[in-house]
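The residues making up each chain are set out below.
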Amino acid sequence: LLKRFFYLLIGKKAAMKLFTIPDRERTNFYNKYWNNFRYRLFTRILLSRKLIVILFDKRFYSFLEPGFDFNKYYRGAVKRAVTQLPVRNNNFLSYILTGTYTDESLPVYLREENYRLIRNRLDRIKIVHSGCIDYLSKLPEGTIDKFNFTNIFEWMSPEEYRKHLEASYRAGKDASIIIYRNHLVTRRRPDDMKDKIIPDRKLSKELHSQDLSFIYRDYIVEKIKKS
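This is a predicted model, so every value here is computed, not measured.

Participant: Give me the lowdown on the overall build of the protein chain, citing residues and values where you can.
Facilitator: Regarding its fold elements, the protein chain presents eleven helices and four strands. With the principal axes as the frame, the protein chain shows a C-alpha extent of 55 × 45 × 35 Å. Expressed as a percentage of its 227 residues, the buried residues of the protein chain come to 38%. Considering only intrachain contacts with a sequence separation of at least 6, the fraction spanning at least 24 residues in the protein chain is 74%.

Structural data, given as structure tokens:
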């Protein structure tokens, strides 16, 4: 769907050209070919808040600030992907614009050299049908050393988010790592939990600058402190 959308607005040749031009030319390419009148007009219409809420689950947008501008946010994210982030090895951009991957843009989990390692560790995966807070609350204290919460905080109120962090703190080991991305809703450890959960802002900034999944506004890394 996205591929057809971009082909309609900027043209297939222009989309394919992105993968061949030198990096120094990408900003000029974006201004000349990508950010044209059709693209600006259609994104203004398709990414209006009223239409977005109709097309997708309203609960996903329950905790957005009232004046949030979908058009400005997503156009800015696409511009960053086209002009700043690596292109040739970006598996997200490759799949969106071409419908497939090149050898250079294969995700880590699809690369041949990782197949045997992944297959041999399938027994480490446990699927749990439960809310995170309920599951974490039932675990023995100090059980987990790494947490990856991707895109679940969009659905949580600030109060639920806090309960989630408290449950993670209880279930986590000392010095265990929590990572998650901020998409549309901004979530960061509350100030009154500063003695329990410590943000690593330097690493967060570094990882965000390398994150090829360009729709996220922030990449959060935090560490549990119990000692």
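Participant: Residue-level account of a nonpolar patch on the surface, with values.
Facilitator: Judged by side-chain polarity, Tyr 109, Leu 110, Ile 118, Leu 122, Ile 125 and Ile 127 come together as a nonpolar surface patch covering roughly 650 Å² of accessible area. For Ile 118, the position within the fold is in helix α8 (residues 112–120).

Participant: Go over the layout of surface pockets, please, and point to the residues and values.
Facilitator: For the largest pocket, the calculated volume is near 840 Å³. Lining of the largest pocket is provided by 26 residues; of these, Leu 2, Phe 5, Leu 47, Phe 56 and Tyr 74 occupy positions nearest its centre. The class makeup of the residues in the lining of the largest pocket is 22 nonpolar, three polar and one charged. Of the voids in this model, the second largest pocket is the one considered here, and its volume is about 440 Å³. Taken together, the elements giving at least two residues each to the lining of the second largest pocket come down to α9 (132–138), β1 (144–150) and β2 (172–182). The greatest single-element share of the lining of the second largest pocket, amounting to six residues, is contributed by β1. Its residues assigned to classes, the lining of the second largest pocket shows ten nonpolar, four polar and two charged.

Procedures and definitions
- Residues numbered from 1 in each chain as written.
- Predicted model: local features only at pLDDT ≥ 70, side-chain atom pairs only at ≥ 80, totals over all residues.
- Heavy atoms only, no water.
- Helix = DSSP H or I, 4+ residues; strand = E, 2+ residues; numbered from the N terminus.
- Buried < 20%, exposed > 50% of the residue type's maximum accessible area, 1.4 Å probe, protein only.
- Contact = heavy atoms within 4.5 Å.
- Patch = residues over 30% accessible without salt bridge, like charges linked within 9 Å, V, L, I, M, F, W, Y side chains within 5 Å.
- Areas by Shrake-Rupley, 256 points an atom, 1.4 Å probe, with all protein chains shown as cover.
- Salt bridge = Lys/Arg side-chain N within 4 Å of Asp/Glu carboxyl O.
- 1 Å grid on protein atoms, 1.4 Å probe; cavity = no way out; pocket = protein on both sides within 12 Å on 5 of 7 lines; lining within 4 Å.
- Points joined across faces, edges and corners; volume = space filled by probe spheres on them.
- Nonpolar A, V, L, I, M, F, W, Y, C, P; charged D, E, K, R; others polar.

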